[in-house]
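Observations on chain architecture
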Amino acid sequence: MNDPIQNLKQLPWLPLFQIAGVTVLIVGGMEVLLAVAMSQNQSLLRSFLLLATPPLGIVLAVAVGIGIGAIALVMLERFRNDIFISLGVMWALIGTLAVMLWVRQLFPLPTLMNVEGTTLVGLMIGVFYTGKRYWR
């Protein structure tokens, strides 16, 4: 029988945390640039506030999650050719992204999006849609 704990131990956790960390840094940099642009342009601020209100806010949170998941998987493909991407690796990538996004919220940095259920659903969609050739 397969031991699920042994399967978890065999996943490449350190490279996945590195990819997730770099992805969160890239997204954080984009958020800082967007925050600076909104502080200088009031029409951009009003547009973002309009997009952030429900129901468009839910769509925006899912879209941001999809983008983060897609960026992370593309970076994994491009920079870590030695990792065989499988269904388990993609789930582990989602987990590491969720942990790194949660850790980012602990620091007093300007964040435009909170990590919540809709963003996590977007992460799953982004990772699995971008990596559909690995799980089919």
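Here is a short report on the structure shown in this document. The shown structure was predicted, so the numbers you read here are calculated from the model rather than taken from an experiment. (Residues numbered from 1 in each chain as written. Predicted model: local features only at pLDDT ≥ 70, side-chain atom pairs only at ≥ 80, totals over all residues. Heavy atoms only, no water.)

1. Brief notes about the overall build of the chain
For the record, the criterion: Strands here mean DSSP runs of E at least two residues long; helices mean DSSP runs of H or I at least four residues long; both are numbered from the N terminus. Only protein chains enter the area calculation, which uses a 1.4 Å probe; residues under 20% of their type maximum are buried, those over 50% are exposed, and those in between are partly exposed. Contacts are assigned to residue pairs with any non-hydrogen atoms lying within 4.5 Å of each other. For the area figures, the Shrake-Rupley method with a 1.4 Å probe applies, and any residue is considered shielded solely by the protein chains shown. Note that His is not counted, nor are the chain ends; the positive residues are Lys and Arg, and the negative ones are Asp and Glu. We put the charge of a Lys on NZ, of an Arg on CZ, of an Asp on CG and of a Glu on CD.
Assigned secondary structure in the chain consists of seven helices and zero strands. Mapped in sequence order, the helices and strands of the chain form the string α-α-α-α-α-α-α. Considering only C-alpha atoms, the chain reaches an extent of 60 × 25 × 25 Å along its principal axes. Within the chain, the proportion of its 136 residues that are buried is 32%. Long-range contacts, defined as pairs at least 24 residues apart, comprise 77% of the intrachain contacts of the chain with a sequence gap of at least 6. For the chain, the computed accessible surface area is about 8400 Å², with 71% contributed by carbon and sulfur atoms. When the 8 basic and 5 acidic side-chain charges of the chain are each reduced to a single mean position, those positions are 7 Å apart.

2. Observations concerning helix H6 (residues 117-130)
Our working definition: By definition here, a helix of n residues has an expected span of 1.5 Å times n minus one.
Between its terminal C-alpha atoms H6 stretches 20 Å, which fits the 20 Å expected from 14 residues at 1.5 Å a residue. Along H6, the positions that sit buried rather than exposed are Thr119, Gly122, Leu123, Gly126, Val127, Phe128 and Thr130. Buried-residue contacts for H6 involve helix H4 (56-79), helix H5 (87-106) and helix H7 (132-135).

3. What to know about the packing of helix H3 (residues 42-52) against H4
Note the following rule: Helix axes use the C-alpha atoms of the stretch in contact, all axes being lines fitted to C-alpha atoms, and the angles between their N-to-C directions lie in the range 0 to 180 degrees. Oblique is the label for any angle not under 35 degrees, not over 145, and not in the 65 to 115 range, which are roughly parallel, roughly antiparallel and roughly perpendicular in turn. Classification convention: Asp, Glu, Lys, Arg as charged; Ala, Val, Leu, Ile, Met, Phe, Trp, Tyr, Cys, Pro as nonpolar; all other residues, Gly among them, as polar.
Look at H3 against H4: their axes get within 6 Å of each other, and the N-to-C directions meet at 95°. Of the possible angle classes, the one that applies to H3 and H4 is roughly perpendicular. Taking contact as the criterion, the partners of Phe48, Leu50, Leu51 and Ala52 in H3 are, on H4, Leu56, Gly57 and Leu60. For the contact of H3 with H4, the per-class residue count stands at six nonpolar, one polar and no charged.

4. Digging into the pattern of salt bridges
The test is simple: We define a salt bridge as a side-chain nitrogen of Lys or Arg found within 4 Å of a carboxyl oxygen belonging to Asp or Glu.
One pass over the structure, following the stated rule, counts three salt bridges. Here Arg104 and Glu31 are joined by a salt bridge, their closest N and O atoms 3.1 Å apart. Residue Arg104 is located in helix H5, and its partner Glu31 is located in helix H2 (residues 13-40); the two are separated by 73 residues in the primary sequence. Neither Arg104 nor Glu31 differs from the other in exposure class; each is buried. Ionic pairing is found between Asp82 and Arg80, a salt bridge with its closest N-O pair at 3.0 Å. For Asp82, a relative accessible area of 58% gives the class exposed. Residue class for Arg80 comes out partly exposed when judged on its relative accessible area of 23%.

The values reported here are purely geometric and, on their own, carry no functional implication.
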